[in-house]
Structures are given as C-alpha cells and as structure tokens.
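Read off the chains here:
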Amino acid sequence: MADSGIVIVGIGDCAITRSPVKIKTSGLGSCVGVTIYDRHEKIGGLLHTMLPNRKKAGIKDKPAKFTDAGIEYLVAEIIKNGGSKRKLEAKLVGGASMFENSHMSIGERNIKSARETLKKLRVEIIAEDTGKNYGRTIIFDTFTGDLLIKTMLRGDKVI
C-alpha cells in the first residue's frame, strides 16, 4: 500500500496512481513488470505478472497474475480513470531465465505474451529491459514516466 508516496505492488498484483506517486515492485525474476503510462494526464500503472496466459491456466483468478489478462485489465482501468487510449505507452522489465537448460522458460513466455498483448491493444513499447538471468526491482515515477531498475551486482539504470 502507500508509504511516503510509494505504492508497493506484490507478485500477481497491480496498482494505478497519478503523479506524483511512485509505484514499486520487487522480485522480478521470471515474472514481468509492465508499466502503462499516459504522459499527458500523468496517470500510470504497474503490473507484476507471474504467468503468460490466463486461458492456458484455466483459472478464474485475479487478472494481474497473468500477463495477457493483467495488461488488458491495467489498460482498461487507466482509461476508466482518465487516461487516453491513444496516448498510452508501455515499458517491460523482467522475464529472466533464472535456471539454465530451460527450453522456452516462463520468463521468455511472459515477455512474448506481454509484447503480443500490447501490440493487440495498440500500446507502444517505448523501452524494455528483459531476459538475461538476474532479478530486478523497479520503481515507476508517475511524474516523469521514468522507470528505475535496480539489480544486485549490476547497478541501477533508468529507462
């Protein structure tokens, strides 16, 4: 929840806020963090998904657990709260292959699902830091649209 202007998002969850509030999630390994942002209205959301597709899971659970359903839900909620569909932009982080010798890892499938869903919804991906073999923590700034990516041993960067 909110703490000093920062909303914490857990695994399989999401949050939508307006500037100047920040949104943070930790523990992005094979999970994918997706931000959707309307720069003009300064409203945005962050999603921390676990699994690529809701249909394949066959579970009628909360949409944020699933990359496809979570992105659809986040876009709809941002629009419902004043964002413009035409002005939305996305950033993707995570989807790491945390274990060697995995054919098509869950991380790779999460990335693929995110890209396909955003393309279907016509939301442009303006930046990403995906794949590789390490975890990430992200902090999304709804005032600037910047996404801070923090990693152990690899330093921090902003996309």
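Residues numbered from 1 in each chain as written. Predicted model: local features only at pLDDT ≥ 70, side-chain atom pairs only at ≥ 80, totals over all residues. Heavy atoms only, no water.

For the protein chain, an unreviewed UniProt entry supplies the name Probable chemoreceptor glutamine deamidase CheD and the organism Methanosarcina siciliae T4/M. Note on the protein chain: under the UniProt heading Function (unreviewed entry), the record states "Probably deamidates glutamine residues to glutamate on methyl-accepting chemotaxis receptors (MCPs), playing an important role in chemotaxis." Taken verbatim from the UniProt record of the protein chain, the Catalytic activity (unreviewed entry) comment is "L-glutaminyl-[protein] + H2O = L-glutamyl-[protein] + NH4(+)". (UniProt positions renumbered as here; feature names shortened; annotations may be inferred.)

Q: Is there a simple way to think about the pairing of strand β10 (residues 147-151) in this case?
A: The side chains of a regular strand alternate between the sheet's two faces. Of the two faces of β10, the one lined by Leu-147, Ile-149 and Thr-151 is fully buried and the one lined by Leu-148 and Lys-150 carries no buried residue. In terms of strand pairing, strand β9 (residues 136-141) meets β10 through four bridges, oriented antiparallel. Counterpart to Ile-139 in the pairing with β10 is Leu-148. Linking two consecutive strands that pair antiparallel, namely β9 and β10, is a turn of five residues; a positive phi of about 85° is found at Gly-145 within it. For β10 and strand β11 (residues 155-158), the ladder comprises four bridges, and the chain directions are antiparallel. Bridge pairing links Lys-150 to Asp-156 in β11. The antiparallel pairing of β10 with β11 creates a hairpin that spans three residues between the two strands, and Leu-153 there sits at a positive phi of about 70°. (Buried < 20%, exposed > 50% of the residue type's maximum accessible area, 1.4 Å probe, protein only. Helix = DSSP H or I, 4+ residues; strand = E, 2+ residues; numbered from the N terminus. Pairing = 2+ DSSP bridges.)

Q: It is not clear to me how the sheet that holds strand β8 (residues 124-130) should be interpreted in this structure. Could you clarify?
A: Paired through their backbone hydrogen bonds, the strands of a sheet run either parallel or antiparallel. Spatially, the five strands line up as an open sheet ordered β3-β6-β5-β7-β8, and their pairing is mixed. In this open sheet, the two strands that pair with only one neighbour each are β3 (13-18) and β8. Across the sheet, the mean angle separating the axes of adjacent strands is 15° when strand polarity is ignored. As paired strands, strand β5 (residues 32-38) and strand β6 (residues 43-49) are joined by seven bridges and run antiparallel to one another. (Axes fitted to C-alpha atoms, helices over the stretch in contact; angles between N-to-C directions.)

Q: Where do I start with helix α3 (residues 106-121) in this structure?
A: In an α-helix there are 3.6 residues to a turn, and that puts residues three or four apart on one side. The first and last C-alpha atoms of α3 sit 22 Å apart over 16 residues, in line with the 22 Å expected at 1.5 Å per residue. Buried-residue contacts for α3 involve β5, β6, α2 (67-80), β7 (88-94) and β8. Two residues or fewer after α3 comes Arg-122, characterised by a positive phi angle close to 60°. (Expected span 1.5 Å × (residues − 1). Contact = heavy atoms within 4.5 Å.)

Q: What is the right way to read α2 from this model?
A: When the terminal C-alpha atoms of α2 are compared, their 20 Å separation across 14 residues agrees well with the 20 Å that a helix rising 1.5 Å per residue should span. Looking at α2, one finds that the buried residues are Thr-67, Asp-68, Ala-69, Gly-70, Ile-71, Leu-74, Val-75, Glu-77 and Ile-78.

Q: Is there a simple way to think about unusual backbone geometry in this case?
A: Both trends apply: most residues other than glycine have a negative phi, and most peptide bonds are in trans. Omega for the bond connecting Ser-19 with Pro-20 falls within 30 degrees of zero, at 10°, which places this linkage in the cis form. Turning to its location among the elements, Pro-20 is positioned in the loop between β3 and β4 (22-28). Backbone geometry places Lys-42, a non-glycine residue, at a positive phi of 55°. Phi is positive for Arg-122, close to 60°, though the residue is something other than glycine. Mapped onto the secondary structure, Arg-122 falls in the loop between α3 and β8.

Q: How should I be thinking about the pattern of salt bridges in this particular structure?
A: Side chains that carry opposite charge are capable of pairing whenever their charged atoms lie near each other. Tallied over the entire structure, the rule returns nine salt bridges. Put simply, Lys-120 and Glu-72 hold a salt bridge, and the shortest N to O gap is 2.7 Å. Taken together, the residues span a long stretch of sequence, with Lys-120 in helix α3 and Glu-72 in helix α2 at a distance of 48 residues. Given the relative accessible area of 56%, Lys-120 is considered exposed. The class of Glu-72 is partly exposed, set by a relative accessible area of 33%. Between Glu-116 and Lys-112 there is a salt bridge, with the nearest N and O atoms lying 3.7 Å from each other. One end of the pair is Glu-116 and the other is Lys-112, both in helix α3 and four residues apart, which spans about a single turn. Because the salt bridges share partners, they merge into one network encompassing Asp-129, Lys-132, Arg-136 and Lys-157. (Salt bridge = Lys/Arg side-chain N within 4 Å of Asp/Glu carboxyl O.)

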